[in-house]
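Descriptive analysis of the structure
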Amino acid sequence: MTVITDALCPFCGCLCDDLTIVVENNKITDIKNACKLGSAKIMGHHRIEAPMMRADKKSEFKEVSYEEAINEAAAILFKSKRPLLYGWASALCEVHKKGILLAEEVGAIIDNTATVCHAPSTLAVHEKGLPTATLGQIKNRSDVTVFWGSNPVHAHPRHMGRYSVFAKGFFQEKGRKGRKVIVVDVRKTETAAMADEFIQVQQGSDYLVISALRAILSGHADVVPESVGGVPKEQLAKLVDTLKAAKFGAVFFGMGLTQSISRYKNIDNAISLITELNAYTKYVITPMRGHYNVTGFGQVCSWETGFATAVDFARGAPYYNPGETAANDVLMRKETDAAMIIAGDAGAHFPADSVRQLARIPVIQIDPYWNPTTEVSNVVIPVAICGVEVAGTAYRMDGVSLQMRKMVEPTLPTDVEVLERITQRVRKLRGE
Amino acid sequence: MTLNAILITGRTINQGATIENKTSLDYQEATALCELNSKDIGLLGIKPGSQISVKTDHGDVVVKLKENNGNPDGMAFIPMGPWANAVVDPDTKGCGMPGFKGIKARLEPTDKKVLSMKDLIARYK
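As the structure is a prediction and not an experimental result, all values here were calculated from the model.

Focus: the overall build of chain B
For chain B, the helix and strand inventory stands at five helices and six strands. Each helix and strand of chain B, placed in order from N terminus to C terminus, yields the pattern β-α-α-β-α-β-β-β-α-β-α. Rg of the C-alpha trace for chain B: 14 Å, near the compact-globule value of 14 Å for 125 residues, within the 12% margin. Across the 125 residues in chain B, those meeting the buried criterion constitute 53%. Sequence separation of at least 24 residues holds for 74% of the intrachain contacts in chain B that already meet a minimum separation of 6.

And the structure:
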């Protein structure tokens, strides 16, 4: 029996680094400190055991060798004029690097799961920058915590305990009692039920509410109507007073802002509010990133290509324009003529029209698990699980890089090995 | 009775705990559902656990009804996943992000069955 202490959790962007894992005969038998999400992933489920292929997507898969599957994957990418390489969030940075190289060599568009998550936040950061801090600073200092359009009780279960609400910090010895918690949401979530103040906004009105807060903060309360987005002016004025009274305020935001009608403009406005609050006191803002290494893909893609995601290599040099080059844009326009889905599940998390396009074209899936993407795939290559069976680099939601530890030995090839072999095969097909 | 609602989608703890196990019944039970408050459920005249048809301008899907009194009147919530994505707005509004929240939906009781993940995706082939 081996006991691994201080292991990192490969589920959400919190990257909790205090797990204890018990391993017996290369099997994980017990986990301590993980939440329900982390435990479910680390304990594992039914895996795809061998590579599979089929020509017709309505027929059954046939098991094949890794060599056959890799050769077919390379042939699909080699033949494609407009390939899409999508996913990446459940993989390590070392995998991202290989993926970006492959995208460049086959002239693909490479995009990650942020495209249906926090990519609009990146667009807003281009416009306004990001006054932010590490979760450690927030734990040690924040006395006002705001969750806007995010529900950590469900999506990041240990965030409040470790960093933002209940955690005791160097300058916050009282933990929960020393922090005022505000939740802004369209419905009273379990997170809202735990808050000191809940601001309920009408769906799609966040931009208006943020604008009203900025007007009140800048001394123009007179232009604010009696109610904005369903929130009484009086409550907004009280909220501004609470925000200004903080010694160190931290705002966390989620899909309530990125997926609502104004998309990245919501975040743009929220960052402006934070910048303006910094004229009075210290404020920071942090996106609640979903997958454990979705932040890492943005980092690697930025240093390799200059852009965080939705990078188009069709012209040889990297080109970036979400709205034109993001995964759903190209699928919806039926431009994509082949796709490789790796460490992400477009079949489950893209709108029906995008999945219909995936069903029309050759699809390669690289993933440990059978999921809706498998259902529309032609070539399926199972791999080891990053962060459980493979060690490497991941970035926490606040941009801190951490080393994921190996808990058990892999029984299948890693994503890096598979991507290297596909790239070598593509080069061979090109006669290099 | 038809209930007009605004649909949002998003994460839940059970959706997350079954996300790597999407062929399981647990995943279907965690995500093939639509949450309404008890007042809206009363308007539909059916009980939680019954099947409900969700139609939007972008598609239709059958899921199970669930009570959540945190929802304001006229708000429907379906956990993110293939059932929700059968009816969300694919328009990325020029910034790459489809419309996963704020979709006009028409909700009706139905006797139709909830499709399994495999049968749901088979509709696209």
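Focus: the sheet that holds strand S2 (residues 19-24) of chain A
Residue and element names in this part refer to chain A. The strand order across the open sheet built from three strands is S1-S2-S3, with neighbouring strands paired in antiparallel fashion. Pairing within the sheet leaves two strands with one partner each, and these edge strands are strand S1 (2-7) and strand S3 (27-32). In this sheet, adjacent strand axes meet at a mean angle of 25 degrees when their direction is disregarded. As judged from the four bridges shared by S1 and S2, these two strands associate in the antiparallel manner. In the strand pairing of S2, Ile4 is matched with Ile21.

Some thoughts on the interface of chain A and chain B
Residue-level contacts link 53 residues of chain A with 41 residues of chain B. When residues of the side of chain A that touches chain B are traced back to their parent elements, those giving at least two are helix H1 (36-43), helix H4 (119-128), helix H6 (152-155), helix H11 (255-258), helix H14 (327-332), helix H15 (346-349), helix H16 (352-360) and helix H17 (372-375) of chain A. Taken together, the residues of the side of chain A that touches chain B sort by class into 26 nonpolar, 16 polar and eleven charged.

Some words on helix H13 (residues 294-305) of chain A
Residues and elements named next belong to chain A. For H13, built from twelve residues, the straight-helix expectation of 16 Å at 1.5 Å per residue is met to within 8% by its first-to-last C-alpha distance of 16 Å. Of the surrounding secondary structure, the elements contacted by the buried residues of H13 are helix H3 (93-106), strand S7 (109-112), H4, strand S15 (311-312) and strand S20 (392-395). Immediately downstream of H13, the backbone of Gly306 shows phi near 95 degrees, a positive value.

Observations regarding the environment of Gly254 of chain A
Residue and element names in this part refer to chain A. Along the chain, the position of Gly254 falls in the loop between strand S13 (248-253) and H11. The exposure class of Gly254 is buried, given the 26 C-beta atoms found within 10 Å. Sequence-wise, Gly254 and Lys177 are 77 residues apart; in three dimensions their C-alpha atoms are separated by 25 Å. The residues touching Gly254, leaving out its near neighbours within four places in the chain, are Gly149, Ser150, Asn151 and Met288.

A word on the environment of Phe248 of chain A
Residue and element names in this part refer to chain A. Structurally, the position occupied by Phe248 is in strand S13. A sequence separation of 121 residues divides Phe248 from Tyr369, and the C-alpha atoms of the two residues are 43 Å apart. Look past the residues within four positions of Phe248 in its chain and what remains in contact with it is Arg141, Ser142, Asp143 and Lys282.

Structural notes on the packing of helix H9 (residues 206-217) of chain A against helix H12 (residues 264-277) of chain A
Residue and element names in this part refer to chain A. At a closest axis distance of 9 Å, the pairing of H9 and H12 adopts a crossing angle of 20 degrees. Regarding the angle of H9 to H12, the classification is roughly parallel. Every pair of crossing elements has a handedness; the one defined by H9 and H12 is left-handed. Note on element contacts: H12 touches H9 through Lys265, Asn266, Asn269, Ala270, Ser272, Leu273, Glu276 and Leu277, opposite Asp206, Tyr207, Ile210, Ser211, Leu213, Arg214 and Leu217. For the contact of H9 with H12, a count of residues per class yields seven nonpolar, four polar and four charged.

Section: the packing of H4 of chain A against H12 of chain A
Two packed helices can be described by the angle between their axes and the distance between those axes. Residues and elements named next belong to chain A. Where H4 meets H12, the axes come as close as 8 Å, and the angle between the chain directions of the two elements is 45 degrees. The pairing of H4 with H12 is recorded here as oblique in orientation. As for how H4 packs across H12, the hand of that crossing is right-handed. Side by side, H4 and H12 meet where Pro120, Ser121, Leu123, Ala124, Glu127 and Lys128 of the first sit next to Tyr264, Ile267, Asp268, Ile271 and Ser272 of the second. Tallied by class, residues from the contact of H4 with H12 come to six nonpolar, two polar and three charged.

Re the nonpolar core
Grouped together as the largest cluster of nonpolar side chains are 184 residues, with contacts concentrated most on Ala73, Leu213, Val251 and Ala270 of chain A together with Ala76 of chain B. Ignoring sequence-local partners within four residues, the contact set of Leu213 of chain A consists of Leu236, Leu239, Val240 and Leu273 of chain A.

Re the pairing of strand S8 (residues 144-148) of chain A
Every other side chain in a regular strand lies on the same face of the sheet, so the side chains alternate between the two faces. Residue and element names in this part refer to chain A. A large share of S8 lies buried, amounting to five of its five residues. Alternating positions in S8 separate into two faces, Val144, Val146 and Trp148 on one and Thr145 and Phe147 on the other, with burial throughout. Direction of pairing for S8 relative to strand S9 (residues 180-185): parallel, over a ladder of five bridges. Each residue of the ladder has a partner; that of Val144, found in S9, is Lys180. With five bridges connecting them, S8 and S13 associate as parallel partners. Each residue of the ladder has a partner; that of Val146, found in S13, is Val251.

Concerning the sheet that holds strand S17 (residues 338-342) of chain A
Picture the strands of a sheet paired through backbone hydrogen bonds; they go either parallel or antiparallel. Residue and element names in this part refer to chain A. Spatially, S5-S4-S19-S18-S17-S6-S7-S15-S16 is the arrangement adopted by the nine strands of the open sheet, whose pairing is mixed. Of all the strands in the sheet, the pair left with one neighbour each is strand S5 (62-63) and strand S16 (319-320). Relative to S16, S15 runs antiparallel, the two sharing two bridges. For Val311, the partnering residue across the bridge sits in S16 and is Tyr320. In the packing of H3 onto the sheet, contacts are made with strand S6 (83-87), S7 and S17, and the angle to S6 comes to roughly 170 degrees.

Some details on H3 of chain A
Residues and elements named next belong to chain A. Its 14 residues place the ends of H3 20 Å apart at the C-alpha level, agreeing with the 20 Å of an ideal helix rising 1.5 Å per residue. Within the sequence span of H3, burial applies to Cys93, Val95, His96, Gly99, Ile100, Leu102, Ala103 and Val106. Each buried residue of H3 lies within a common arc of 165 degrees when the element is viewed along its axis, so the set occupies one face. A positive backbone phi angle near 65 degrees is found at Gly107, which sits one or two residues after H3.

Each value, and the rule that gives it
- Residues numbered from 1 in each chain as written.
- Chains lettered and ligands numbered in written order.
- Predicted model: local features only at pLDDT ≥ 70, side-chain atom pairs only at ≥ 80, totals over all residues.
- Helix = DSSP H or I, 4+ residues; strand = E, 2+ residues; numbered from the N terminus.
- Rg over C-alpha atoms; globule rule 2.2 N^0.38 Å.
- Buried ≥ 20, exposed ≤ 12 C-beta atoms within 10 Å, placed from the backbone.
- Contact = placed C-beta atoms within 7 Å.
- Pairing = 2+ DSSP bridges.
- Axes fitted to C-alpha atoms, helices over the stretch in contact; angles between N-to-C directions.
- Nonpolar A, V, L, I, M, F, W, Y, C, P; charged D, E, K, R; others polar.
- Expected span 1.5 Å × (residues − 1).
- Parallel < 35°, antiparallel > 145°, perpendicular 65-115°, else oblique.
- Left-handed = near helix turned anticlockwise from the far one by under 90°.
- Core = buried A, V, L, I, M, F, W, Y, C linked by C-beta atoms within 7 Å.
- Arc of directions from axis to C-beta.

Everything listed here is a matter of geometry and, on its own, says nothing about what the molecule does.
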